[in-house]
Amino acid sequence: MRASDKPLTSNALTLPVSGRIDMPASERYSTVPSFWSATAHPHPDLRTLDADIETDVAIVGGGFTGLTTAHYLQRSGIDCVVLEANDAGWGASGRNGGMAVLRYKSGWSGLTQQVGLETTQHMFRMLHDGIDSLEATIAEYGIECGFGRCGHVTAAHGAQPLAALEADVRWLEREMGYEGAALLSRQETSRLIGTDEYVGAYLERRSGAIHPLNYARGLAAGVAQKVPVFVSTPVTGYRRDGAAFVLDTPRARVRAKRIVVATNAYTGLFPLPIDLARRIVPVPSNIVATEPLAPSVAAGILPEGQVVTDTRRINLYFRMTPDRRMVFGSRGHLSGSNEPWAFAHIEAAMHRVFPALRDVRIDYRWNGKVGFSLDYFPHFGQAEPGIYYGIGYSGRGVVLTHMVAKALAAMLRGESVDAGPITSARFAPIPMHRFYPIGIRLYTAYYKFLDAREETR
Ligand SMILES: Cc1cc2nc3c(=O)[nH]c(=O)nc-3n(C[C@H](O)[C@H](O)[C@H](O)COP(=O)(O)OP(=O)(O)OC[C@H]3O[C@@H](n4cnc5c(N)ncnc54)[C@H](O)[C@@H]3O)c2cc1C
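Quantities reported herein were computed from a predicted structural model and do not represent experimental measurements. Position numbers for residues start from 1 in each chain and track the written sequence from start to end. Owing to the predicted nature of the model, reporting of local features is limited to residues with pLDDT of at least 70; listing and counting of side-chain atom pairs is limited to 80 or more, with chain, interface and lining totals taken over all residues. Each side-chain value is worked out from all heavy atoms of the structure, with water and hydrogens disregarded.

1. Side note on the overall build of the protein chain
In step 1: Labels follow the DSSP assignment, with helices taken as runs of H or I lasting at least four residues and strands as runs of E lasting at least two, numbered in each case from the N terminus. Within the protein chain, the regular secondary structure consists of 11 helices and 18 strands.
In step 2: Relative to the globule expectation of 23 Å for 457 residues, the C-alpha radius of gyration of the protein chain, 22 Å, shows essentially globular dimensions.
In step 3: With the principal axes as the frame, the protein chain shows a C-alpha extent of 70 × 50 × 45 Å.
In step 4: Only protein chains enter the calculation, and the probe is 1.4 Å; a residue is then buried if its accessible area is under 20% of its type maximum, exposed if over 50%, and partly exposed in between. Looking at the protein chain as a whole, 60% of its 457 residues qualify as buried.
In step 5: Contact between two residues is taken to exist if any of their heavy atoms lie within 4.5 Å; hydrogens are not considered. Taking the contacts inside the protein chain whose residues are at least 6 apart along the sequence as the reference set, 76% of them involve residues at least 24 apart.
In step 6: Charge-centre separation for the protein chain: the mean point of 48 positive side chains lies 3 Å from the mean point of 44 negative side chains. Atoms considered for the radius of gyration are the C-alpha atoms alone. The globule rule reads 2.2 Å times the number of residues to the power 0.38. His residues and chain termini do not enter the charge count, which takes Lys and Arg as positive and Asp and Glu as negative. Charge coordinates come from a single atom per side chain, which is NZ of Lys, CZ of Arg, CG of Asp or CD of Glu.

2. Notes on the packing of helix α3 (residues 108-115) against helix α4 (residues 117-141)
In step 1: The N-to-C vectors of α3 and α4 enclose an angle of 130°; their axes lie 7 Å apart at closest approach. Considering the angle they form, α3 stands oblique to α4. As for the relative orientation of α3 and α4, their crossing is right-handed in sense. Here W108, L111, T112 and V115 of α3 lie close against α4, whose contacting residues are L117, T119, T120, M123, F124 and L127.
In step 2: When residues are grouped by polarity, Ala, Val, Leu, Ile, Met, Phe, Trp, Tyr, Cys and Pro land in nonpolar, Asp, Glu, Lys and Arg in charged, and all others, Gly among them, in polar. Counted by class, the contact of α3 with α4 contains seven nonpolar, three polar and no charged residues. Axis definition: a line fitted to C-alpha atoms, limited for helices to the stretch in contact. Angles are taken between N-to-C directions and run from 0 to 180 degrees. Any angle that falls under 35 degrees is termed roughly parallel, while one over 145 is termed roughly antiparallel, one within 65 to 115 roughly perpendicular, and all others oblique. Throughout, a crossing is termed right-handed when the near helix is turned clockwise from the far one, and left-handed when it is turned anticlockwise from it by less than a right angle.

3. Examining the layout of surface pockets
In step 1: Grid spacing is 1 Å over the protein atoms alone, the probe is 1.4 Å, and a cavity is where that probe fits but cannot get out, while a pocket is an open set with protein on both sides within 12 Å along at least five of seven lines and lining residues have an atom within 4 Å of a point. Grid points are joined across faces, edges and corners, and a volume is the space filled by probe spheres set on the points. One number sums up the size of the second largest pocket: a volume of about 450 Å³.
In step 2: Around the second largest pocket sit 21 residues that line it, and I314, R331, H345, T444 and K448 are the ones nearest its centre.
In step 3: For the lining of the second largest pocket, the leading source of residues is helix α11 (residues 436-454), giving six residues.
In step 4: Of the residues assigned to the lining of the second largest pocket, the class counts are nine nonpolar, five polar and seven charged.

4. Section: the sheet that holds strand β16 (residues 362-372)
In step 1: For two strands to pair, DSSP has to find at least two bridges joining them. Taken in spatial order, the eight strands of this open sheet run β5-β6-β4-β13-β14-β15-β12-β16, and their pairing is mixed. Two strands lie at the open edges of the sheet, namely β5 (181-184) and β16, each paired on one side alone. Ignoring strand direction, the axes of neighbouring strands in this sheet form an average angle of 20°.
In step 2: In the packing of helix α6 (residues 186-194) onto the sheet, the strands contacted are β4 (152-156), β5, β6 (200-204), β13 (307-310) and β14 (317-320), and the crossing angle to β5 comes to about 105°.

5. Focus on helix α9 (residues 344-353)
In step 1: All of the buried residues in α9 are I346, E347, A349, M350, H351 and V353.
In step 2: Residues of α9 that are buried sit in contact with β12 (281-290), β14, β15 (326-331) and β16.

6. With respect to the site of the ligand
In step 1: The near set for a molecule or strand comprises every residue that places at least one heavy atom within 4 Å of it. Surveying the vicinity of the ligand reveals 39 residues, the closest of which are T65, E84, S93, M99 and V398.
In step 2: In the analysis that follows, any N or O atom pair within 3.5 Å is treated as a polar contact, provided that within protein one partner can donate a hydrogen and the other can accept it, and provided that, for residues neighboring in sequence, both atoms belong to side chains. At 3.4 Å, a backbone N or O of G91 approaches an oxygen atom of the ligand.
In step 3: To measure how exposed things are, a 1.4 Å probe is used in the Shrake-Rupley method; for residues, cover is taken only from the protein chains shown. Relative to its unbound accessible area of 1,000 Å², the ligand is 98% covered by the protein chains.
In step 4: Breaking the shell around the ligand down by element, the ones donating at least two residues are α2 (64-75), β12, β16 and α10 (397-412).
In step 5: For the shell around the ligand, the residue count by class is 18 nonpolar, 17 polar and four charged.

7. Some remarks on the packing of aromatic side chains
In step 1: Only Phe, Tyr and Trp rings are paired, with Trp represented by its six-membered ring, and only when their centres lie within 6.5 Å; those with planes under 30 degrees apart are stacked, over 60 edge-to-face, the remainder tilted. According to the stated counting rule, one finds 17 aromatic pairs in the structure shown.
In step 2: Aromatic pair Y104 and W108: ring centres 5.7 Å apart, planes at 85°, arrangement edge-to-face. Just as Y104 is buried, W108 falls in that class too.
In step 3: Look at F124 and Y178: their rings are 5.2 Å apart centre to centre, the planes differ by 70°, and that puts the pair in the edge-to-face class. Here Y178 lies in the loop between α5 (159-176) and β5 and F124 lies in helix α4, a separation of 54 residues in the sequence.
In step 4: Residue placement shows R95 over the ring face of W90; its charged tip is 4.8 Å from the ring centre.
In step 5: In this analysis the charged atom, NZ for Lys or CZ for Arg, is taken to sit over a ring once it is within 6 Å of the ring centre and within 35 degrees of the ring normal. Above the ring of Y389, the side-chain terminus of R279 is found at 5.7 Å from the ring centroid.

8. Focus: a nonpolar patch on the surface
In step 1: Taken together, the side chains of M432, F435, I438 and L442 make up a nonpolar region of the molecular surface, amounting to roughly 440 Å² of accessible area.
In step 2: Mapping F435 onto the fold places it in the loop between α10 and α11.
In step 3: What makes F435 partly exposed here is its relative accessible area of 39%. Candidate patch residues must exceed 30% relative accessible area and have no salt bridge, after which like charges are joined if within 9 Å and Val, Leu, Ile, Met, Phe, Trp or Tyr side chains if within 5 Å. By salt bridge we mean one thing: a side-chain nitrogen of Lys or Arg within 4 Å of a carboxyl oxygen of Asp or Glu.

9. So, the pairing of strand β18 (residues 387-391)
In step 1: In terms of burial, β18 is largely enclosed, as five of its five residues are buried.
In step 2: Of the two faces of β18, the one holding I387, Y389 and I391 and the one holding Y388 and G390 are both buried throughout.
In step 3: For strand β11 (residues 253-261) and β18, the ladder comprises three bridges, and the chain directions are parallel. Note on β18: the bridge partner recorded for V260 is Y388.
In step 4: Note: strand β17 (residues 379-384) against β18, five bridges, orientation antiparallel. Its bridge partner lying in β18, Q382 is registered against Y388.
In step 5: What sits between the antiparallel neighbours β17 and β18 is a turn of two residues, in which G386 has the positive phi angle 90°.

What follows is the structure, encoded as structure tokens:
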């Protein structure tokens, strides 16, 4: 019997939870209005788990990773369910910049020195398959999320990072015969972005952009046609029971042969008996969206519609929305506050890059958590027998979640999957993890110092 209709024989838990769970105010969409939530299609009509069920794979987390894993498992004929504590896309998946970029944090040339040519070539192919599969999934479910291959500009803040980007373009031509990337001169960069902030750039033409919350909701609606997707259903604990696991949720239990943890930067929301939360650092990222720009103000800003991230370690990322708003983000305030003061540094950076935006109104300010791994690669695999995970996208999850989920599903089918450092066994708990807020402060200061030292005009 499928997960949706097979009850467990054990008694259901009867904790009194009505609909939504009690989350800290700063973590709730209702108090974190974003441009995406203000312009999203309605959330699909999904149920809360209220009766015990049995399945092969219980997926914890209903963001891009969890939903996409369910998509591929279902295609392989593997019975699964998705258990989401809040709404589909409530986490970073529904709050991000929507930039479907085709670069790992390390560039291609540097990556080759790190992991060798063959592994880098394989990682390149996986990433490109990731965006092609993302596009195919959007088409399969007819998701209206504005996906388009608008291109992604990586803008260099100095001569040294520009030289690394140039090495990447040469590497792609030489080792992959790939012509989708190009190095841009200072003048061309200035024309494409509409600022003199950068000394040059790398343009990746196959990259794209989405409305992230519409994508998450559309994906949830599509997946839910064949896989039970439960919302307002936090997994509050689990234990082994013979060869299976029993997962606790407030109103019912799930018996599963295997578990996939797809909770990324929100892994610490509930204290599950697994050390995954200690393998990544949850770093806040803040975004603002302006009012729609008047044609005279918008003139010359991102005229061809690419999305942009820059090469700073504390990087800036920005794009235009279809209604000509500037969406601009960077490292957030550690407090997680949504008060305007917590966005002052983002707005100052936006005004520096685009002086013409000094007097425009900010209509939306919101934040989310990015799950950083120490090596900036995502990681997936088996944490202990029967417990799988896909986390640590380090701010690049729109394509990487798709890539990881597809590979994770292959692993759950029993296939051997090797993705170099992404599947490396060296993804261990971070020593003294509980001090991460201090670590973030120290690294932010140090990285800002290094970024400033590299800046050339
Ligand atoms: C502000 C911001 C901007 C970003 N911009 C970009 C960008 O432009 N491009 C890009 O590629 N990447 C970007 N990212 C990164 C990207 O959003 C993430 O990598 C990606 O969304 C991670 O998806 P996920 O499904 O793994 O995790 P999430 O989307 O965070 O989902 C995790 C889910 O797990 C749920 N959960 C947690 N614990 C439990 C539990 N015990 N039981 C049940 N459910 C649970 C949470 O409620 C949450 O919904 C950005 C991130 C942020 C925060």
